[in-house]
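Descriptive analysis of the structure
The lines below spell out each chain.
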Amino acid sequence: MDLEKQAAKLQKAIDESHFTVAVTGAGISLSSGGITFNRSNVKELMGLGSEDMLRNEPDKYYQLLDKAFLHSMFHGEPSVTHRALRKLEQDGKLQGIITTNVDCMHTIAGSENVAEIQGSLQINRCTKCYKRFDDYHIWGNGTVPRCDLCGDVIWTFPFYSHVGLHDGNVRKAQRWMAQADLIIITGANGNYSDAYFNCRKRTATIIQINPGHTWFDFTADLNIHAKADDIFKYLL
C-alpha cells in the first residue's frame, strides 16, 4: 500500500476517534537535527552529572549539551511530524502527546498538551538552592545558566534525575492512556512504555508509524513502516 493510502487510513482513524493520544520518541526529531540518546555523548554528559563536576566544568557541560540537544532546539525547526501533531491538537483531534524526548520540540512547535515522561530541558533547578527554572529559553544564551538568587549553576531534569522519570508527567500520561480510543505511536521504540502503556483501554486502536521494528509491533492494530514525516505530511 502506498504512503498516501496509509496516511488516509490514519486520517480516518483520527476522524472517528473521540480521544486520541500520540506517543513519540527521538525518531521524530531526527529531521530537525536532533539525535537519539544512543547516538549522543550521554555517558560523557552523565560523567559531568554530579553537582561538583557541573560546577567545576560548566563550559564543557554546556558544549556537550549543545552538541546533543541545544543546537537543534535553537537553530533547527520542528519537523513535519511536530507541526502536524500541533495542528491536530489545534483542530481538537489530538488530546495529548506522550514523549520520551527531552528536546522541547513539541513545545517549540506550539503543542500544549505534552507529557514529557523523562522530563526535558524546560524542567530545571539550581544546584545549590534548588530554585526552579522551568523554561527552555534559559539554555539559549551560549553558556550554562546561573541562578538569579544564589548565582550557582542550573541543572536540567534529565541529568539530575540520571535519565529518570518525571512523576507528574507520568501520571498525566497514564490518565490520557486510560481515556484514549486511538493511540498513535511514532518515532518511539518502547523505552519506558511500562510506565504508562498498560493503563490503556483494551478497546483502543493502536497505529504505529516507524520505519523499523519496535517493541510495539505485535500490539499495534496497524503498522505503517515509514518515516513519520513521510506520513504526516499528508495530514498538514
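Below, the structure is looked at part by part. These figures come from a predicted structure and were not determined experimentally. Per chain, residues are indexed from 1 in the order of the written sequence. Owing to the predicted nature of the model, reporting of local features is limited to residues with pLDDT of at least 70; listing and counting of side-chain atom pairs is limited to 80 or more, with chain, interface and lining totals taken over all residues. For the side-chain quantities, the full set of heavy atoms in the structure was used; hydrogens and water were omitted.

Another point: the overall build of the protein chain. From N to C terminus, the protein chain includes nine helices and eight strands. Computed over its C-alpha atoms, the radius of gyration of the protein chain comes to 18 Å, within 12% of the 18 Å expected for a compact globule of 236 residues. For the C-alpha atoms alone, the extent of the protein chain along its principal axes is close to 55 × 30 × 30 Å. Burial status follows relative accessibility: with a 1.4 Å probe on protein chains alone, a residue under 20% of its type maximum counts as buried, one over 50% as exposed, and anything between as partly exposed. Each of the 236 residues in the protein chain was classed as buried or not, and the buried ones make up 54%. Once local pairs closer than 6 in sequence are excluded, the contacts in the protein chain between residues at least 24 apart make up 61%. Accessible area of the protein chain: about 11,000 Å², with a carbon and sulfur share of 46%. Counting rule for charge: Lys and Arg are taken as positive, Asp and Glu as negative, and neither His nor the chain ends is counted. Lys charges are placed at NZ, Arg charges at CZ, Asp charges at CG and Glu charges at CD. Each charge sign in the protein chain was given a centre, from 25 positive and 27 negative side chains, and these centres are 2 Å apart. Runs of E in the DSSP output that reach at least two residues are strands. Runs of H or I that reach at least four are helices, and both are numbered from the N terminus. For a compact globule the rule gives 2.2 Å times the number of residues to the power 0.38, and the radius of gyration it is set against comes from C-alpha atoms. Residue contacts are defined here by distance: any two heavy atoms, one from each residue, within 4.5 Å place the two residues in contact. A 1.4 Å probe and the Shrake-Rupley method give the accessible areas. Residues count as covered only by the protein chains that appear here.

Attention now goes to the packing of aromatic side chains. The criterion for an aromatic pair is that two Phe, Tyr or Trp rings (for Trp, the six-membered ring) have centres within 6.5 Å, with stacked assigned to planes under 30 degrees apart, edge-to-face to planes over 60 apart and tilted to the rest. Tallying each qualifying case throughout the model produces eight aromatic pairs. An angle of 40° between the planes, with centres 6.2 Å apart, marks the rings of F74 and Y136 as tilted. Of the two residues, F74 is situated in helix α4 (residues 58–75) and Y136 in the loop between β4 (124–126) and β5 (154–156); the sequence distance between them amounts to 62 residues. The exposure class assigned to Y136 is buried, which follows from its relative accessible area of 13%.

Let us look at helix α5 (residues 80–90). In an α-helix there are 3.6 residues to a turn, and that puts residues three or four apart on one side. Restricting attention to buried positions, one finds in α5 the residues V80, T81, H82, A84, L85, L88 and E89. Residues of α5 that are buried sit in contact with α1 (3–16), β1 (20–24), β2 (96–99), α6 (105–109), β6 (182–186) and α9 (228–232). Remark: G92 follows α5 within two positions and exhibits a positive phi of approximately 80°.

Let us now look at the environment of T214. Assignment of secondary structure puts T214 in the loop between β7 (205–209) and β8 (222–224). Residue contacts for T214: discarding those within four places in its chain leaves A188, N189 and Q208. Polar contact is defined as a pair of N or O atoms within 3.5 Å, subject to the rule that within protein one atom must be able to donate a hydrogen and the other to accept it, and that residues adjacent in sequence are counted only when both atoms are side-chain atoms. For T214, the side chain forms a polar contact with the main-chain nitrogen of F216, separated by 3.0 Å.

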